[in-house]
Amino acid sequence: MAVTIKELSAACGLSISTVSKALNGYPDVSAETREQVRSVAAKMGYRPSAIARGLKLGRTYNLGVLYSDDLEGSGFMHSYFAPVLESFKNEAEQRGYDITFITHHSGRNRMTYLEHCLYRNVDGVCIVCSHDYDDPEVLQLIGGPLPLVTIDHLFHNHTCIQSENSQGMTDLTHHVLAAGHRRIALVHGPACSVTNIRLTSFLRAMEDAGVPVPDEYLIESPYHDPSATYTAVEKLLKVNPRPTCIIMPDDYAALGGMQAIQAAGLTIPDDISIAGFDGVRLLQMCRPKLTTVAQNTSRIGQEAARQLVHLIEAPRTTLSQIITIPCELIEGETVRRL
């Protein structure tokens, strides 16, 4: 049978209250007493009850994660969101929380996202990715009673963790301009807050440099979709005059752009230069090494978990805020100096 805290307190010759405080690191218990209690607990094989702890504190120590990748279909192998999720999970576990992924289903029963959260009794929710942020069920979750943070998408009165996309795109554009390029095209993602920031930052940097951007140099293409980027780059290669550099929506999508360039009998960067966005480690092992902007996925996931736990544990001292994580330009080898 499992050892109870009552049996542990009797073995230590201390009150249940003192033993509980010692196990939970309360400052009003001496270091000597804490060490004594933990030593006896280890010898007796005592394990605290998560259920009892949750009932006492009114928490389940369970975080809900909404990650919906229905459109791209890459799931937990997504080159950007996978490391974000891993970092979020690691930080949550270090803080004593488990993870539940929020879906529409529990067995054969269909639920809204909010209903699933309430059914699983999660303490809070992180929206990592949704294929449709205007989905009524996502908006229901946003307007619900649970503490909530988002990644890469801003909702009013909710904490959002995002990369410094403006700084990243500005640095990348300046790098391409400094290499002597003036005919620079941008394959950008569909309309969303991240896309809007990157597109505006690109156009502003070009305008500040006095370099015009023809409309045909701007093409929309889905994120994380090499086949769509292949088609977009095919179109750009037919524009006259042809761009000397093409900035892709993300590193993984850039693979399609590379294939289109090679299929046209051109080489990178001798005939045409390219750049990505994300800093995917695997693509940094390819040659030529991709010029890109690295997003700090480790810090993004870690900060999201920290902020969500703080919202849960200290709601009265926590304000909603936008937290931006700096990006890093990786110069690579795919932007030729003219």
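Summary of the structure given here.

1. Topic: the packing of aromatic side chains
(1) Moving on: For the structure on display, the rule yields four aromatic pairs.
(2) Moving on: Ring centres of Y61 and Y97 lie 5.0 Å apart, and the angle between their planes is 45 degrees; on these two criteria the pair is classed as tilted. In this pair, Y61 is assigned in the loop between α4 (50-57) and β1 (62-67) and Y97 in the loop between α5 (81-94) and β2 (98-101), connecting sequence segments 36 residues apart. The exposure classification of Y61 matches that of Y97, with both residues buried.

2. Considerations on the packing of α5 against helix α12 (residues 297-313)
(1) Moving on: Relative to each other, α5 and α12 sit at 40 degrees, their axes nearing to 7 Å. By the angle between their directions, the pair α5 and α12 is classed as oblique. Crossing geometry of α5 relative to α12 is assigned as right-handed. Taking contact as the criterion, the partners of P83, V84, S87, F88, E91 and A92 in α5 are, on α12, T297, S298, I300, G301, Q302, A304, A305, R306 and L308.
(2) Moving on: When the residues that make up the contact of α5 with α12 are grouped by side-chain class, the tally is eight nonpolar, five polar and two charged.

3. Some details on helix α11 (residues 251-263)
(1) Moving on: With 13 residues, α11 ought to run about 18 Å at 1.5 Å a step, and its terminal C-alpha atoms sit 19 Å apart, in line with that.
(2) Moving on: Buried within α11 we find D251, A253, A254, G256, G257, M258, A260 and I261.
(3) Moving on: Turning to α11, the residues buried within the fold contact α10 (226-237), β11 (273-275) and β12 (292-294).
(4) Moving on: Taking the backbone nitrogen of Y252 as reference, a side-chain oxygen 3.1 Å away marks D250 as the first, capping residue of α11.
(5) Moving on: Backbone geometry just after α11 places G265 at a positive phi near 80 degrees.

4. Let's talk about the pattern of salt bridges
(1) Moving on: Inspection of every chain in the model, using the stated rule, returns five salt bridges.
(2) Moving on: E137 is the partner of R110 in a salt bridge, and the nearest nitrogen-oxygen pair spans 3.2 Å. Taken as a pair, R110 in strand β4 (residues 109-110) and E137 in helix α7 (residues 136-142) lie far apart in primary sequence, 27 residues in all.
(3) Moving on: Salt bridges sharing partners connect three or more residues here, namely E91, R95, E303 and R306.

5. What about the nonpolar core?
(1) Moving on: Counting 40 residues, the largest nonpolar core has F202, I246, I247 and I261 as its most contacted members.
(2) Moving on: Once you skip the residues sitting within four places of it in the chain, I261 turns out to touch V233, L237, L266, T267, I268, I272 and I274.

6. Quick look at the side chain of T150
(1) Moving on: Here T150 lies in strand β6 (residues 148-151).
(2) Moving on: Separated by 2.5 Å, the side chain of T150 and the backbone oxygen of H153 make a polar contact.
(3) Moving on: Excluding residues within four positions of it along the chain, T150 makes contact with I127, I142, F155, T159, C160 and I161.

7. Observations concerning the packing of α10 against α11
(1) Moving on: For the pair α10 and α11, interaxial distance at closest approach is 7 Å and the crossing angle is 45 degrees. In terms of orientation, α10 and α11 fall into the oblique class. Like other packed secondary-structure pairs, α10 and α11 cross with a definite hand, here right-handed. Contacts between α10 and α11 involve P226, T229, Y230, V233, E234 and L237 on the former and, on the latter, Y252, A253, G256, G257, Q259, A260, I261 and A263.
(2) Moving on: Of the residues assigned to the contact of α10 with α11, the class counts are nine nonpolar, four polar and one charged.

8. Some details on α5
(1) Moving on: The first and last C-alpha atoms of α5 sit 20 Å apart over 14 residues, in line with the 20 Å expected at 1.5 Å per residue.
(2) Moving on: Those residues of α5 that fall on the buried side of the exposure criterion are F81, V84, L85, S87, F88, E91 and A92. Seen end-on, α5 carries its buried residues on one side only, within an arc spanning 165 degrees.
(3) Moving on: Tucked inside the fold, the buried residues of α5 contact β1, β2, β5 (124-129), β6 and α12.
(4) Moving on: Following α5 by one or two positions, G96 has its phi on the positive side, about 90 degrees.

9. With respect to the sheet that holds β5
(1) Moving on: Taken together, the six strands give an open sheet; going across it, the order is β2-β1-β5-β6-β7-β13, and neighbouring strands pair in parallel fashion. The sheet terminates laterally at β2 and β13 (322-325), the two strands that pair on one side only. Between one strand and the next, the sheet's axes are offset by a mean angle of 20 degrees, whatever the strand orientation.
(2) Moving on: Inspection of the sheet shows β1 paired to β5 by five bridges, in the parallel sense. When the sheet's bridge partners are listed, L66 is paired in β5 with I127.

How each quantity is defined
- Residue positions are counted from 1 within each chain, in the order its sequence is given.
- Given that the model is predicted, a residue must reach a pLDDT of at least 70 before its local features are reported, and side-chain atom pairs must reach 80 or more before they are shown or counted; all residues, however, enter totals for whole chains, interfaces and linings.
- Processing note: side-chain calculations cover all non-hydrogen atoms of the structure and skip hydrogens and water entirely.
- A pair of Phe, Tyr and Trp rings is counted when the ring centres sit within 6.5 Å of each other, with Trp represented by its six-membered ring. The angle between the planes then sorts it: under 30 degrees is stacked, over 60 is edge-to-face, the rest tilted.
- Think of it this way: any DSSP run of H or I at least four residues long counts as a helix, any run of E at least two long counts as a strand, and we number them from the N terminus.
- Burial classes follow relative accessibility: with a 1.4 Å probe on protein chains only, a residue under 20% of its type's maximum area counts as buried, one over 50% as exposed, and anything between as partly exposed.
- Helix axes are fitted to C-alpha atoms over the stretch in contact, other axes to C-alpha atoms as well, and angles between N-to-C directions run from 0 to 180 degrees.
- Reported orientations rely on four angle classes, namely roughly parallel under 35 degrees, roughly antiparallel over 145, roughly perpendicular from 65 to 115, and oblique for the rest.
- Note on convention: the crossing is left-handed when the near helix lies turned anticlockwise from the far helix by less than a right angle, right-handed when the turn is clockwise.
- Should any heavy atoms of two residues lie within 4.5 Å, those residues are counted as being in contact.
- Gly is put with the polar residues, along with every residue not named as nonpolar or charged; the nonpolar set is Ala, Val, Leu, Ile, Met, Phe, Trp, Tyr, Cys and Pro, and the charged set is Asp, Glu, Lys and Arg.
- A helix is expected to span 1.5 Å multiplied by its residue count minus one.
- Definition of a polar contact: a pair of N or O atoms within 3.5 Å, with one able to donate and the other able to accept a hydrogen when the atoms are protein atoms, and with sequence-neighbouring residues admitted only if both atoms are side-chain atoms.
- When a carboxyl oxygen of Asp or Glu is within 4 Å of a side-chain nitrogen of Lys or Arg, the pair counts as a salt bridge.
- Throughout, nonpolar core names a set of buried Ala, Val, Leu, Ile, Met, Phe, Trp, Tyr and Cys residues whose side chains join them through atoms within 4.5 Å.
- An arc is given here, and it is the one of the directions from the helix axis to the C-beta atoms.
- Two strands pair under a simple rule: DSSP has to find at least two bridges between them.

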